[in-house]
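# Analysis of the macromolecular model
What follows is each chain in one-letter form.
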Amino acid sequence: MCGIIGYIGYRNATPILLEGLYRLEYRGYDSAGIAILSDSRIKVVKTAGKIKDLEKLVKEEDMIGSSGIGHTRWATHGSPTDANAHPHLDKTGRFAIVHNGIIENYKELKSELQTEGVHFTSETDTEVIVQLISKYYSGNLEEAVARTLKRLDGSYAIAVLSTEEPRKLVAARLGSPLVLGVGEGEMFLASDVPAILPYTRKVVYVEDREIVVIEESSWWVFDINGNYKTKQIYFVDWDSSMVSRGGYKHYMLKEINEQGSVVRNTLKGRLKENNIDLSELEIEKELIHNIDKIFIVACGTSYHAGLVGKHLFERWAKIPTEVDIASEFRYRDPMISPKSLTIAISQSGETADTLAGLREAKAKGSFSIALANVQGSTITREAHRTLYLKAGPEIGVASTKAFTAQLSALYLLALWFADVRNTISETQKEAIIRELWQLPYHIEACLAFAPQVKELAQKYYHYSNFLYLARGINYPIAMEGALKLKEISYIHAEAYAAGEMKHGPIALIDELMPVLVLVPRDRLYAKVLSNIQEAKARKAKLIAVATEGDDAIKSFATDILYVPEVPEEFYPIVNVIPLQLFAYYVADILGREIDQPRNLAKSVTVE
Ligand code: G6P
């Protein structure tokens, strides 16, 4: 889950690497480093801490050179110390490496090298790679890298710099993302596109078991056995302004506020006046008719979107749907038939467990669709089809706009399936489409209540535990709201299906346990009200997220946040907005590092 970057060209590499690392910091932020080739030797500066700590150190050194590599780390093997930070050098100081991934057989390789007299300076798995490259080097860097890779079990995206061949960088991937940026007289390597967007929008997606060599004005790719590969250059439709904070205090706040336009963008071109057009997926209607079951596989916030999706596919398209956390799905031997459809949801398109779940489903004969945000990401290349979220780059580690884009994409897909399978009437379809068009306005109306949410955060930020309750299609939103609060404010928050409260969590309720409840005016309104009363009777402070105009709720709730009235299926997308804002403001009042919460990473590329 680390981020790697590489540069070779005509400019000083140091500022390019540092800027790229800032843009990759969401991938890991416990230590960082860069290596520059300068005066025929490799200079390394690295440290435990964040990129800003690295930047301070770099300023004290004379780090000038036109090629280099950099790394931002999320520790797996070895604690976040200066010594374990990347880049790592071989024993001769002629080779430097940065690595994202895990080498599973590093212990065996390390003892083999130790018996040959190699002294290790870190506890990382990565150091074995560079020591092996050094051992196998006999005049050609890419050959030494290829020979080394054949000895590794595990996952990697690596970039290698060497004094032996100073006008070249060699990189490779297996299981961890890697892109090559093609410039004019300069080339870039990175874990993710935003890192190189200020310099080029022409990218090549490196695939598993490919090795790439870059020089200032040329690049080539070959496989681990030395066979050359023909690769396509893609033009990325993101620009670098999309990866700036745009005046907001945090990326997360910017991304929360973008959600109206993000949803418009997800729907654009796919929702017609009175119809839905997902012909971009190139799926035969017959296939949709024949689906007997849907499996949704995802992690984290994307999993919560999947739980909402289940309600939509079952309600509108009448297709039984199971939703699994990907890390569970991959090991539970699910009963997948060739008539099943697997939907893998992933903002990054690189989450290791989601990818493994998708592969498992495909191996069992399932057709698959990815709902992904990052163009060219692994999941988009492995799924049979991809429905892009079109949310633009999401930088805040806690996902917000990708979630509302995922919900919008699920609305589209479920509606399309229902239309093809004739499980809804024309009138219903038209009503749903009208509502979909309104969604961005409803989201913007919720965002306008930000000052009230901020006041509420002032009132509640000092509590240590929260219970989030909801029923039906809103239960996943309670889960998402609790997750947001946990991950960025570090306050414990638990979500429960409101009807289940009496089977356990009610024992926790007292005046020190605020209860946030989603109580929209839908079919389950009266049921949720009863649950609220149960909590109130036990002295809970109740924060209700309720439908505008619901005055009755005033006699139950301590505090109320109103959302616009929408049909039942659309409450998730409006209800989530105040919950995102609540988590944000609580975390901000507490002074948390909102865009980079402790121990988390945006893209989890390890199991
Ligand atoms: C990490 C991120 C979450 C995200 C989850 C799944 O845990 O911190 O924000 O929801 O991974 O990521 P994906 O890219 O697959 O949606």
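Report on the accompanying structure. (Residues numbered from 1 in each chain as written. Predicted model: local features only at pLDDT ≥ 70, side-chain atom pairs only at ≥ 80, totals over all residues. Heavy atoms only, no water.)

## Overview of the site of the ligand
In the vicinity of the ligand, 13 residues are found, and the nearest of them are Ser 302, Ser 346, Gln 347, Ser 348 and Thr 351. The separation between an oxygen atom of the ligand and a polar side-chain atom of Ser 348 is 2.6 Å. Within the backbone of Val 397, one N or O atom sits 3.1 Å away from an oxygen atom of the ligand. Taken by itself the ligand offers 380 Å² of open surface, and the protein chains cover 91% of this. Top element by residues in the shell around the ligand is helix α9 (residues 300-315). It accounts for three residues. When the residues that make up the shell around the ligand are grouped by side-chain class, the tally is four nonpolar, eight polar and one charged. (Near = heavy atom within 4 Å. Polar contact = N/O pair within 3.5 Å; in protein donor to acceptor, adjacent residues only side chain to side chain. Areas by Shrake-Rupley, 256 points an atom, 1.4 Å probe, with all protein chains shown as cover. Helix = DSSP H or I, 4+ residues; strand = E, 2+ residues; numbered from the N terminus. Nonpolar A, V, L, I, M, F, W, Y, C, P; charged D, E, K, R; others polar.)

## Quick word on the pattern of salt bridges
Scanning the model with the defined rule gives 39 salt bridges in all. The residue Asp 277 makes a salt bridge to Lys 272 at a minimum N-O spacing of 4.0 Å. Note on Lys 272: relative accessible area 37%, which makes it partly exposed. Each of Glu 207, Glu 210, Lys 229, Lys 231 and Arg 381 takes part in salt bridges that share partners, so that together they form one network. (Salt bridge = Lys/Arg side-chain N within 4 Å of Asp/Glu carboxyl O. Buried < 20%, exposed > 50% of the residue type's maximum accessible area, 1.4 Å probe, protein only.)

## Here we look at the side chain of Ser 489
Counting through the fold element by element, Ser 489 comes out in helix α16 (residues 475-489). For Ser 489, a relative accessible area of 0% puts it in the buried group. A distance of 3.2 Å separates a polar atom in the side chain of Ser 489 from the backbone nitrogen of Ile 491. Every residue in contact with Ser 489, bar those within four places of it in the chain, is listed here: Lys 484, Val 586, Ala 587, Leu 590 and Arg 592. (Contact = heavy atoms within 4.5 Å.)

## Quick notes on the packing of α16 against helix α18 (residues 571-589)
Between α16 and α18, the shortest axis-to-axis distance is 9 Å and the interhelical angle comes to 15 degrees. Taken as axis vectors, α16 and α18 run roughly parallel relative to one another. Two packed elements cross with a definite hand, and for α16 against α18 that hand is right-handed. Residues Ile 477, Glu 480, Gly 481, Lys 484, Leu 485, Ile 488 and Ser 489 of α16 form the contact with α18, whose participating residues are Pro 572, Asn 575, Val 576, Leu 579, Phe 582, Ala 583, Tyr 584, Val 586 and Ala 587. When the residues that make up the contact of α16 with α18 are grouped by side-chain class, the tally is eleven nonpolar, three polar and two charged. (Axes fitted to C-alpha atoms, helices over the stretch in contact; angles between N-to-C directions. Parallel < 35°, antiparallel > 145°, perpendicular 65-115°, else oblique. Left-handed = near helix turned anticlockwise from the far one by under 90°.)

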